[in-house]
Amino acid sequence: MRRFKFPSLIGLSLAGTMLLQGPAAAGEWVDLTYDLSDEAVFWPTAQRFELRTDFEGHTDGGWYYSAYTFTTAEHGGTHIDAPIHFAEGKRHVDEIPLDQLIGDAVVIDVSERARDNCDYQVSIADIKSWENSYGTIKAGTIVLLRTGFGAYWPDAEKYLGTAKRGAEGVAELCFPGLAPDAATLLAEARRVHAVGIDTASIDYGDSKDFAAHVNLMTHNIPAFENVANLDKLPAIGVYVIALPTKIRGGSGGPLRIIAEVR
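Residues numbered from 1 in each chain as written. Predicted model: local features only at pLDDT ≥ 70, side-chain atom pairs only at ≥ 80, totals over all residues. Heavy atoms only, no water.

Draft legend 1. A look at the overall build of the chain. Assigned secondary structure in the chain consists of seven helices and twelve strands. Compactness check: the chain gives a C-alpha radius of gyration of 18 Å against a globular reference of 18 Å for 262 residues, within 12% of the reference. Looking at the chain as a whole, 47% of its 262 residues are labelled buried. Restricting to contacts in the chain with at least 6 residues of sequence separation, those with at least 24 account for 73%. For the chain, the exposed surface amounts to about 12800 Å²; the carbon and sulfur share of it is 51%. (Helix = DSSP H or I, 4+ residues; strand = E, 2+ residues; numbered from the N terminus. Rg over C-alpha atoms; globule rule 2.2 N^0.38 Å. Buried < 20%, exposed > 50% of the residue type's maximum accessible area, 1.4 Å probe, protein only. Contact = heavy atoms within 4.5 Å. Areas by Shrake-Rupley, 256 points an atom, 1.4 Å probe, with all protein chains shown as cover.)

And the structure:
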């Protein structure tokens, strides 16, 4: 049985502070998760995160106490799309095996090509160009796609292409994603465990058929969306732990994702 090495909370906290200043060094942990707050970016039609104070202050007994209630859509902030989100009969978020969420990862950086093109789609050519430099992506790898759009978080107008809400906002979405045929390559030929991206969707903003989602999720491959701090990671030598809220029967949920540079 495979053993997973988890970081200490102190080490992660210290690394998270240091990593704001530049790329991570070997042995450091990087927090790839945005805070869930009222500033977090959500899909224009999704319920945004709300934190309500139930109690905050000193009790009649004299001790301090605080408690809160939060509400949120499954798919907002840094989150996971379970396969059932776009593939009937596939896994719900609570059914995804841990070995699909924990393991070796690679980072494919297309930020130079996506910088001036919000409709950019990571292509088969991009994947093969990466492989020419670093070797064929191994089965069971977690693939992280860096478009550079993480630099815009939490400015919805720049990050999503629009700050508008509702159907009007959906019509104006513009951000990079993964091309459908490239999704098929990762799913069928490379047999990856998961794919993550630093945008709001694994499909590009103007997608009408969400084919990248479908092509991954029909193979029971989950997607991580709104992944933070990919600029802190190297192309190889990355180990990821991506643990979602375990919602029984859920189509996704908030995700705490971290990475160690090795």
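That covers the picture; the talk isn't over yet.
Draft legend 2. Local environment of the state of the cysteines. In total, this model carries one disulfide according to the counting rule given. With a sulfur-sulfur separation of 1.7 Å, Cys118 is cross-linked through a disulfide to Cys174. Handedness here is read from the sign of the S-S torsion; for Cys118 and Cys174, about 70°, the answer is right-handed. Of this pair, Cys118 sits in the loop between α2 (111–114) and β6 (121–122) while Cys174 sits in the loop between α5 (166–170) and β8 (177–178), and the two are 56 residues apart along the sequence. (Disulfide = S-S within 2.5 Å.)

Draft legend 3. Layout of the pairing of strand β3 (residues 64–71). The sheet contact formed by strand β2 (residues 50–58) and β3 spans eight bridges and is antiparallel. Looking across to β3, one finds that Glu56 is bridged to Ser66. (Pairing = 2+ DSSP bridges.)

Draft legend 4. Layout of the packing of aromatic side chains. Using the criterion set out here, one finds eight aromatic pairs in the structure. Pairing Trp153 with Tyr159 gives two aromatic rings, centres 5.2 Å apart and planes at 90°, and the pair type is edge-to-face. Accessibility expressed as a relative area gives 0% for Tyr159, which makes it buried. Among the aromatic side chains, those forming a connected cluster through ring pairs are Tyr34, Trp153 and Tyr159. Directly above the aromatic system of Tyr239 lies the positively charged group of Arg262, at a separation of 3.9 Å from the ring centroid. (Phe/Tyr/Trp six-rings, centres within 6.5 Å; stacked < 30°, edge-to-face > 60°. Lys NZ or Arg CZ within 6 Å of the ring centre and 35° of its normal.)

Draft legend 5. View of the pattern of salt bridges. For the structure on display, the rule yields eleven salt bridges. Between Arg115 and Glu112 there is a salt bridge, and its shortest N-O distance comes to 2.9 Å. The class for Glu112 is exposed, based on a relative accessible area of 54%. Notably, a salt bridge pairs Arg190 with Glu131, separated by 2.7 Å at the nearest N-O pair. Of this pair, Arg190 sits in the loop between α6 (180–189) and β9 (194–197) while Glu131 sits in helix α3 (residues 124–134), placing them 59 residues apart in sequence. Assigned by exposure class, Arg190 and Glu131 land together as buried. In this structure, a network of salt bridges that share partners links the residues Lys164, Glu168 and Glu172. (Salt bridge = Lys/Arg side-chain N within 4 Å of Asp/Glu carboxyl O.)

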